[in-house]
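So you can see what is in the structure, the chains are spelled out below.
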Amino acid sequence: MRKVLHILGYFNEEDTAWIAQVGEKESITEDSFLIKYKEALANVYFVLDGRFKIQHPNGTEVATIKSGEILGEMSFVEDELPNVNVKASKDSSVISIRHEFINERFASEPKFEARFYKAISHFLSSRLRMLASQSQGRKESIIQEDKNIDRSTLERLQIAGERFNRLKNHFD
């Protein structure tokens, strides 16, 4: 499941409007770095379109990221330098949101901070469950979990998908 659905599913309409207001669309050309290993990162990114490779510093590809994913959230949450490179594998675009804007919103809207961290914790928990299942060779349990999503989660994901589509349209 795409990260953006976990994030936007916990946000409200005002949060989505805020992203549209403070976010900036950036175009990244193929083979350009969006995030570099151990270089300070000042933004969180929502991938609008295109594709990115996450690579260890030695060049080993760890994952592929596409539309609807979020990048840079770990460095924001941990306040640490990135431990991977993120490189566009084709021409791509992202919504860029500066850390300072996020922190300002936390200060002015404490409930946003709670929603933000709730969304991040939900996403990270989901990712950990998936990795644990994969490490035990239980790919079918991941598929079964997706089939057993409760009604409130389905509704939240539907709303999140609609919000992401509105953001994409806003930045097109």
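Residues numbered from 1 in each chain as written. Predicted model: local features only at pLDDT ≥ 70, side-chain atom pairs only at ≥ 80, totals over all residues. Heavy atoms only, no water.

Trainee: Looking at this model, I keep getting lost on the pairing of strand β6 (residues 85–98). Mind explaining?
Mentor: Looking along a regular strand, one sees the side chains alternate between the two faces of the sheet. Across the 14 residues of β6, ten count as buried, placing the element largely inside the fold. Bridging between strand β1 (residues 24–28) and β6 involves five bridges; their strand directions are antiparallel. Opposite Ile-28, over in β6, you have Ser-92 as the bridge partner. Bridge count between strand β3 (residues 43–55) and β6: eleven bridges; the pairing is antiparallel. Each residue of the ladder has a partner; that of Val-47, found in β6, is Val-94. (Buried < 20%, exposed > 50% of the residue type's maximum accessible area, 1.4 Å probe, protein only. Helix = DSSP H or I, 4+ residues; strand = E, 2+ residues; numbered from the N terminus. Pairing = 2+ DSSP bridges.)

Trainee: Whenever I open this one, the nonpolar core confuses me. Can you help?
Mentor: One broad trend across soluble globular proteins is that nonpolar side chains are buried collectively. Leu-8, Ile-19, Phe-46, Ile-95, Ile-97 and Ile-102 are the most contacted members of the largest nonpolar core, which totals 28 residues. For this core, the secondary structure elements donating two or more residues are α1 (3–10), α2 (13–22), β3, β6, α4 (99–108), α5 (110–135) and α7 (151–171). Phe-46 has contacts with Val-4, Ile-7, Leu-8, Ile-19, Glu-69, Ile-70, Ser-93, Val-94, Ile-95 and Ile-97, leaving out every residue within four places of it along the chain. Among the nonpolar cores identified, the runner-up in size contains 14 residues, and Ile-28, Leu-41, Ile-54 and Ile-65 belong to it. (Core = buried A, V, L, I, M, F, W, Y, C linked by side-chain atoms within 4.5 Å. Contact = heavy atoms within 4.5 Å.)

Trainee: Just to check I follow, could you spell out unusual backbone geometry for this structure?
Mentor: Residues apart from glycine generally show negative phi values, whereas peptide bonds are mostly found in trans. For Lys-38, which is not glycine, the phi dihedral falls at a positive 60 degrees. With respect to the element layout, Lys-38 can be found in the loop between β2 (33–35) and β3. By relative accessible area, which is 44% here, Lys-38 ends up partly exposed. Although it is not a glycine, Asp-79 sits at a positive phi angle of roughly 55 degrees. With respect to the helices and strands, the residue Asp-79 is situated in the loop between α3 (73–78) and β6. Among the residues examined, Asp-79 registers a relative accessible area of 69% and is labelled exposed.

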